[in-house]
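The primary structure of each chain is shown beneath.
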Amino acid sequence: MSVAAALELESGNIKQARLALGGVAHKPWRNMAAEAALCGQTANLAAFAHAADLLLRDAKGFAHNAFKIELARRAIVRALTQAANGTPQSQSNKKIR
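Residues numbered from 1 in each chain as written. Predicted model: local features only at pLDDT ≥ 70, side-chain atom pairs only at ≥ 80, totals over all residues. Heavy atoms only, no water.

With respect to the pairing of strand β1 (residues 2–10)
Keep this limit in mind: Any two strands between which DSSP finds at least two bridges are classified as paired. For the purposes of this entry, the term helix denotes a DSSP run of H or I that reaches at least four residues, the term strand denotes a run of E that reaches at least two, and both are numbered from the N terminus.
Pairing analysis gives nine bridges linking β1 to strand β2 (residues 13–22), with the strands arranged antiparallel. Bridge assignment links A6 to a residue of β2, and that residue is R18.

Some thoughts on the packing of helix α2 (residues 45–56) against helix α3 (residues 67–85)
To keep things clear, this is the line we draw: Think of each axis as a best-fit line through the C-alpha atoms, taken over the contacting stretch in the case of a helix, with angles from 0 to 180 degrees between the N-to-C directions. Here the angle decides the label: under 35 degrees means roughly parallel, over 145 means roughly antiparallel, 65 to 115 means roughly perpendicular, and every other value means oblique. With the far helix as reference, a near helix turned anticlockwise by less than a right angle produces a left-handed crossing, and one turned clockwise produces a right-handed crossing. Note on contacts: a residue pair is in contact if any heavy atoms of the two residues lie within 4.5 Å. Classes in brief: Ala, Val, Leu, Ile, Met, Phe, Trp, Tyr, Cys and Pro nonpolar; Asp, Glu, Lys and Arg charged; the others, Gly included, polar.
Where α2 contacts α3, the axes come no closer than 9 Å and their chain directions differ by 140°. Judged by the angle between their axes, α2 and α3 are oblique. The chirality of how α2 crosses α3 is right-handed. Taken together, the residues of α3 that come into contact with α2 (itself represented by L45, F48, A49, A51, A52, D53, L55 and L56) are I69, A72, R73, I76, V77, L80, T81 and A84. In terms of residue class, the contact of α2 with α3 is built from 13 nonpolar, one polar and two charged.

Some thoughts on a nonpolar patch on the surface
This is how the line gets drawn: Residues form patches when they are more than 30% accessible in relative terms and have no salt bridge. Like charges link within 9 Å. Nonpolar side chains (Val, Leu, Ile, Met, Phe, Trp, Tyr) link within 5 Å. Using a 1.4 Å probe, accessible areas were evaluated by the Shrake-Rupley method; residue-level cover was limited to the displayed protein chains. By definition, a salt bridge exists where a carboxyl oxygen of Asp or Glu is found within 4 Å of a side-chain nitrogen of Lys or Arg.
A cluster of nonpolar side chains, M1, V24, W29, F67 and L71, forms an exposed patch at the surface whose accessible area comes to about 480 Å². For L71, the location among the structural elements is in helix α3.

Put into structure tokens, the structure is as follows:
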């Protein structure tokens, strides 16, 4: 699974947001409601967690893969945090700091 996030910020507030999950469907999975919920919000963990909850609200886990929903939630929050900070993850050093 992968997450792509792009934010346009103005004075710490989110002006525009784009968010997509990869590897969970036949094409990148976007949710316009989650993106819209970010607009006008302060770029912080609470806003990012709310967007992740909206994006994953209909996700259904099965016996051996239910953990992936929480994994996706954490990846979404992290990608949005990195986008807000302008700090993309290094592709050569994937250590979580």
